[in-house]
Amino acid sequence: MSEERSLHFLEEIIEADLKKGTHDGRVLTRFPPEPNGYLHIGHAKSICLNFGLAQQYGGKTNLRFDDTNPVTEETEYVESIKKDVKWLGFDWAQELYTSDYFDQLYAFAVTLIKKDLAYVDDSTAEEIAAGKGTPTVPGTPSVYRSRSIEENLQLFEEMKAGKYPDGAKVLRAKIDLAAPNMHLRDPLMYRIKHATHHRTGDAWCIYPMYDFAHGQSDAIEKITHSICTLEFIPHRALYDWFIEKLEIFPAKQYEFARLNIDYAVMSKRKLLQLVNEKFVNGWDDPRMLTISGLRRRGYTPASIRNFCDKIGVAKRENLIEMSLLEFCIREDLNKTAWRRMAVLDPIKLVITNYPDGQEELLHGENNPEVEGGDGSRSIPFSKELWIEREDFKEEAEKKYFRLAPGLSVRLKNAYIVTCTGFKTDDFGNVTEVHCEYIPESKSGNDTSGLHVKGTIHWVSVAHAKTAEVRLYDRLFQAEDPSNEDGDFKEYINPNSLQVLSKAYIEPDLATAELGRGYQFIRKGYFTLDTDTTAENLVFNRTVTLKDNWAKKA
RNA sequence: UGUCCUAUAGUAUAAAGGUAGUACAACUGGUUUUGGUCCAGUCUGUCUAGGUUCGAAUCCUGGUAGGACAACCA
C-alpha cells in the first residue's frame, strides 16, 4: 500500500536542494536551544522537525547550546536539555556550544572592522535606540560611526582586554541606518558583560549578540538548513549579510510557525515566572507543558512525537487544541497501559448474601486491547468492597445504568449484583450500599444468562492499599492567556490540581513501576509520581478517559 | 504611516491550474464485562473584489484581517 504523503514546505525545499545537488546532497540540521530554561512541547516540535528531517534525508543533526548570554545560562539547564532530547528518542551527531566559537567569532569581528564594516560605539543604550529612528523614520548616525579602522581595532581589543565597564562601548555593524528593515540599522555585534560564563568562566568580558553568533555558528558547522521560528524572519537579511561579508559557508535560514496550545503558555520566560512565583511546583510540575512535566505527568515519547507529526509544519500562526495532545496520549496508552482498579471517592458496598469471612482470587487481564490480554493479575474479592460514590444513586434517572435500589450491575471481573438498599447517617448521607450477588454470574464462567448494562470497578475493603492520587486540569482558564488583557497569570486556573490523599487501590498496584502507564478502569490513565516513597504511593492522572456520559449528564 | 510574513470546516493540515481531502473536536447509530476501545455514519470550509484561463483554493492586481520588526535577550 503506497500511501501518498504530501510534503510540507521544508521537505520541499530540501528535496529541491537534493535534486539540484546543493552541498553535494548533504543534509545537516541543528537544534540550538539557549540553556536558560527547560525544554517545552514547543521545543519538541522543533526537535522532531530538525532531527526528523535529517533522518528522513540521510543527514545528521547537531545539538548546539546557544550560550552567548552568561547571565541567564546555567549548566543545570544544559543537563536537562540533553536528558529531554534523549528521552524524546533522538541522538545528536555532535554536542556543540556557541561558546566554543568565541575565538573564531572574535576573529570574524576583527575582519569586519578591517573591512570598515564594523565600528566601536561609545553611545549609551538609549542613544543608540534613539539613533535607530522608527520604522517610518530613518535613523541618524552616531558620532562614533566614522572612527578610523585603526582606532576601532584598538578599542575593540581593549574591550576584550577588560579595559571598559559594562555598557561603556559596543561593537556595531556598519550597514544602513535608513534600512526599512530595522535589524539592518547598524545592529550590535558585541557588548561588554563582566560576568562568569557557565563554560568559559571569566575568560571573556565581551560576548557576541545572537545575530553575530548564530549564522556564523551555522557556517562554521556547515549547517545546510538552519530552521527557526517565524519571529526570526526579519533577522534573515542580517544573517545573510554577515555570511556574505565574511565569505563563509552559506548556511540558509528557514522559518516555520511555532507551536501554541490553547489554555497554556509556551514561552520560557512565562514558564520561568510560573516556577519562580510558585504557581507550580517546579519545571517538571505535571501541569507544565515542559518535556519534564509531560514525562512526570505520564506522557510517552512516542505520544509526543506523534503529536508533533500530526500538527504539521507551516508558516501560519496557529493555536492547537489541547484535545489533540490528549488524543495522542490516550491512543498510545490504550495499547500499552495495564488495566487496574482504583476507587478515588469511596463508598462501601456490602454483599449481604456473600459469606462472612470468605474471600476468593479473581482473574483480570492486563490489557484487553492486546492479543492474549498482555498477561493477568489476581484480584482479591470479599463481602465488603469499596466502590465509587458516583456509581450509586438513591434514585436512578433515565438512562442511568449503575447502582440504585432495584438495579443491577456487573462488578468488573467479578459478579453481577443487585442493589437491595442502603444506609444513611443522621444527615441523610449514604454511608453504605447493600446488594446481593448472583453466584452463577462469575466472570469467566457465567451461567446466569443475565445481561446488565453497567459494569463498575471496585476494590476489596480488606485487601485494599491506599495511595495519594493527583488529578490535574488545564493550568489556564483563558484559551490564549498570552493574548488576553493584563498579565497572563490572572488567567491561571485555581483548581488545576486536586489531591486525593486516600484513594483505595487494588493490591497489585502496590508494585507499580515508575515510568509505566496504568489505566484505572473508568477513571483514566495514571502513572506513579516521582514523589512516591515506600510508605506513600503517589499517582498522577495523565489524562481522563474520553467520557461521553459526563457531558450529557 | 515603512518593511516583511500569513489567510482553506470549530482547531490544525493537504490538494504544485482539473473531484476541496485527512486528523482532532462535535453529533448519530452499532458492538462491548471500562458510558473506554473498536466499527459505521453525519455536520461544518477556500477572507473579499476584480483579472487571466475552457477551467482558479492555487497565478496576477487591489482591498480586508491577523502577526512580526525599532532588547547591550535569544
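Since the model is a prediction, treat every value here as computed from it, not as a measurement. (Residues numbered from 1 in each chain as written. Chains lettered and ligands numbered in written order. Predicted model: local features only at pLDDT ≥ 70, side-chain atom pairs only at ≥ 80, totals over all residues. Heavy atoms only, no water.)

Chemist: How should the domain arrangement of chain A be read in this particular structure?
Modeler: Here chain A is partitioned into domain 1 (9-258), domain 2 (265-338 + 467-552) and domain 3 (344-457). Centre-to-centre, using C-alpha coordinates, domain 1 lies 64 Å away from domain 3. (Domains from an automatic or database assignment.)

Chemist: What's the story with the packing of aromatic side chains in this structure? I'm lost.
Modeler: Aromatic rings in a pair are described by how distant their centres are and how their planes are angled relative to each other. A complete count under the given rule lists 24 aromatic pairs for this structure. Chaining the aromatic ring pairs together yields one cluster made of Phe 102, Tyr 106, Phe 156, Tyr 190, Trp 204, Tyr 207, Phe 212, Trp 241 and Phe 242. The aromatic ring of Tyr 263 is capped on one face by Arg 474, whose charged end is 3.6 Å from the ring centroid. The cationic tip of Arg 516 hangs over the ring face of Trp 338; the distance from NZ or CZ to the ring centre is 3.8 Å. (Phe/Tyr/Trp six-rings, centres within 6.5 Å; stacked < 30°, edge-to-face > 60°. Lys NZ or Arg CZ within 6 Å of the ring centre and 35° of its normal.)

Chemist: What's the story with the side chain of Glu 360 in this structure? I'm lost.
Modeler: With respect to the secondary-structure elements, Glu 360 resides in strand β13 (residues 359-365). Looking at Glu 360, its side chain comes within polar contact range of the side chain of Tyr 415, at 2.7 Å. Apart from residues lying up to four places away in sequence, Glu 360 is in contact with Tyr 354, Ile 379, Pro 380, Phe 381, Tyr 415 and Lys 442. (Helix = DSSP H or I, 4+ residues; strand = E, 2+ residues; numbered from the N terminus. Polar contact = N/O pair within 3.5 Å; in protein donor to acceptor, adjacent residues only side chain to side chain. Contact = heavy atoms within 4.5 Å.)

Chemist: Whenever I open this one, the sheet that holds strand β1 (residues 28-31) confuses me. Can you help?
Modeler: Across a sheet, paired strands are connected by hydrogen bonds in the backbone, their directions being either parallel or antiparallel. One open sheet accounts for three strands, arranged β1-β2-β3; its pairing is parallel. Bordering the open sheet on either side are β1 and β3 (95-97), each of which pairs with just one other strand. Sheet twist, expressed as the average angle between the axes of neighbouring strands with direction ignored, equals 35°. Where β1 lies against strand β2 (residues 60-65), four bridges are found, and the strand directions are parallel. Counterpart to Arg 30 in the pairing with β2 is Asn 62. Here helix α2 (residues 41-56) sits on the sheet in contact with β1 and β2, set at roughly 160° to β1. Sheet strands touched by helix α7 (residues 214-221): β1, β2 and β3. Its angle to β2, the strand with the most contacts, is close to 140°. (Pairing = 2+ DSSP bridges. Axes fitted to C-alpha atoms, helices over the stretch in contact; angles between N-to-C directions.)

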